[in-house]
Amino acid sequence: MVPVPRWLIPRTRCSYASLYFAVCVDPTDNELLTLEIVHRYVETLDKYFGNVCELDIVFNFDKAYYLLDELLIAGEIQESSRKIIVHTQKKIEQTENEDVSDTLKNVTLM
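Presented here is a report on the structure given in the accompanying data block. Only a predicted model underlies this, so the values are computations on that prediction, with no experimental measurement involved.

Quick notes on the rules
- Residues numbered from 1 in each chain as written.
- Predicted model: local features only at pLDDT ≥ 70, side-chain atom pairs only at ≥ 80, totals over all residues.
- Heavy atoms only, no water.
- Salt bridge = Lys/Arg side-chain N within 4 Å of Asp/Glu carboxyl O.
- Helix = DSSP H or I, 4+ residues; strand = E, 2+ residues; numbered from the N terminus.
- Buried < 20%, exposed > 50% of the residue type's maximum accessible area, 1.4 Å probe, protein only.
- Core = buried A, V, L, I, M, F, W, Y, C linked by side-chain atoms within 4.5 Å.
- Contact = heavy atoms within 4.5 Å.
- Arc of directions from axis to C-beta.
- Axes fitted to C-alpha atoms, helices over the stretch in contact; angles between N-to-C directions.
- Parallel < 35°, antiparallel > 145°, perpendicular 65-115°, else oblique.
- Left-handed = near helix turned anticlockwise from the far one by under 90°.
- Nonpolar A, V, L, I, M, F, W, Y, C, P; charged D, E, K, R; others polar.

Concerning the pattern of salt bridges
Taken as a whole and assessed by the stated rule, the structure comprises three salt bridges. Among the salt bridges present, the one from Glu93 reaches Lys63, with a minimum N-O distance of 3.8 Å. Of this pair, Glu93 sits in helix α4 (residues 82-109) while Lys63 sits in helix α3 (residues 61-71); the two residues are 30 residues apart in sequence, bridging distant segments of the chain. Its relative accessible area of 25% is what places Lys63 among the partly exposed residues.

Written out as structure tokens, the structure reads:
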């Protein structure tokens, strides 16, 4: 059995909007800031999905991950505005949909 380093043991557990999170926090990090980041992420998910639930994340994991990626870089907050994060994700989806429709048009013309 391999011993688990103390800093890898989840130190912060929280529940928001029927979602549960376990976060590994360095002993020197601020746990309240970690809770604030989790809260901000859940609010962003809620704004994007409507009333977010576990199934939204299960079936749209890529979108949930993209939203987290827009929120954080290397564990630090990159963008704090939920509106900007959701707007960026919607623009990405719109661009992907346009690319797919253009590809389908080209295929049907051949």
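Now that the structure has been shown, the text picks up again.
Quick look at the nonpolar core
Ranked by internal contacts, the top residues of the largest apolar core, which has 19 residues, are Leu19, Phe21, Tyr41, Leu45 and Leu67. When residues of this core are traced back to their parent elements, those giving at least two are β2 (19-23), α1 (31-49), α3 and α4. It is α1 that contributes the most residues to this core, seven residues altogether. Once you skip the residues sitting within four places of it in the chain, Leu45 turns out to touch Leu19, Gly50, Val52, Ile57, Ala64 and Leu67.

With respect to α3
Of the residues making up α3, those classed as buried are Ala64, Leu67 and Leu71. For α3, the angular spread of the buried residues around the axis is 60°, confining them to a single face.

A word on the side chain of Glu93
The buried category is assigned to Glu93, whose relative accessible area is 19%. Leaving out residues up to four positions away in the same chain, Glu93 has contacts with Tyr48 and Lys63.

Remarks on the packing of α1 against α3
Remark: α1 packs on α3, axes separated minimally by 10 Å, with the N-to-C direction vectors making an angle of 130°. If you check the angle between α1 and α3, you find them oblique. Like other packed secondary-structure pairs, α1 and α3 cross with a definite hand, here right-handed. On α3, the residues touching Ile37, Arg40, Tyr41, Thr44, Leu45, Tyr48 and Phe49 of α1 are Lys63, Ala64, Tyr65, Leu67, Leu68 and Leu71. Among the residues making up the contact of α1 with α3, the classes are represented as 10 nonpolar, one polar and two charged.

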